[in-house]
Amino acid sequence: QVQLVESGGGLVQVGGSLRLSCTASGNIFSIADMTWFRQAPGKQREFVARITESGTTNYVDSVKGRFTISRDGAKKMMSLQMNSLKPEDTAVYYCNALIQGASRSTWDRYWGQGTQVTVSS
């Protein structure tokens with residue numbers, strides 16, 4: 001049973017910072033790419049940032065220069081440092097990861113339950 005759990009969301013003022021974390025647990029052999037998505041009220045879920053197993057990163061244009069994604073392979077953890085937050089960053093942030101189970105038979109994508117980020121003006 002594989003599980004992704006996010007933490008670190010909350011309420012912050014415009015210009016503030018938050019750090020989100022996502023930890024994977026369960027019968028895991030390997031984790032490939034790890035990705036943050038977000039979904040604002042009334043909008044579709046959108047890609048925010050991705051980091052590959054080798055550490056290559058990419059970001060949606062709206063967060064470039066403000067958000068930094070990182071991962072700790074040994075701890076099966078991914079983080080998203082969010083600086084200079086804007087009201088339009090308000091959303092539920094979801095962790096997603098491509099994971100190979102301990103049986104090594106398949107790769108599957110898993111989602112976390114989401115963590116709320118609210119940026120107030």
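No experiment lies behind these values; they were computed from the predicted model shown.

Trainee: Just give me the short version of the overall build of the protein chain, but keep the residues and values in it.
Mentor: Counting its secondary structure elements, the protein chain contains 0 helices and 11 strands. Across the protein chain, helices and strands are ordered from the amino to the carboxyl terminus as β-β-β-β-β-β-β-β-β-β-β. For 121 residues, the compact-globule estimate of 2.2 N^0.38 gives 14 Å, and the protein chain sits close to it at 14 Å. When its C-alpha atoms are laid out on the principal axes, the protein chain stretches across 50 × 25 × 25 Å. The burial tally for the protein chain puts 42% of its 121 residues in the buried class. At a minimum sequence separation of 6, the contacts of the protein chain that also span at least 24 residues come to 56%.

Trainee: Can you tell me about the side chain of Gln100, naming the residues and giving the values?
Mentor: Take Gln100: it is sitting in strand E9 (residues 91–101). Apart from the residues lying within four places of it in its own chain, the contact partners of Gln100 are Ile28, Phe29, Ser30, Thr106 and Trp107.

Trainee: Now, about the side chain of Thr115: what can you tell me, with residues and values included?
Mentor: Note on placement: Thr115 falls in strand E11 (residues 115–120). We classify Thr115 as buried; its relative accessible area is 11%. At 3.2 Å, the side chain of Thr115 forms a polar contact with the backbone nitrogen of Gly9.

Trainee: Could you give me a rundown of the state of the cysteines, with the residues and numbers involved?
Mentor: According to the stated counting rule, one finds 1 disulfide in the structure shown. Each sulfur in the disulfide pair Cys22 and Cys95 lies 1.9 Å from the other. The disulfide joining Cys22 to Cys95 has a torsion of about -65° about its S-S bond and is therefore left-handed. Separated by 73 residues along the polypeptide, Cys22 in strand E3 (residues 18–25) and Cys95 in strand E9 bring together distant segments of the chain. For Cys22, a relative accessible area of 0% corresponds to the buried category.

What counts and what doesn't
Residues numbered from 1 in each chain as written. Predicted model: local features only at pLDDT ≥ 70, side-chain atom pairs only at ≥ 80, totals over all residues. Heavy atoms only, no water. Helix = DSSP H or I, 4+ residues; strand = E, 2+ residues; numbered from the N terminus. Rg over C-alpha atoms; globule rule 2.2 N^0.38 Å. Buried < 20%, exposed > 50% of the residue type's maximum accessible area, 1.4 Å probe, protein only. Contact = heavy atoms within 4.5 Å. Polar contact = N/O pair within 3.5 Å; in protein donor to acceptor, adjacent residues only side chain to side chain. Disulfide = S-S within 2.5 Å.

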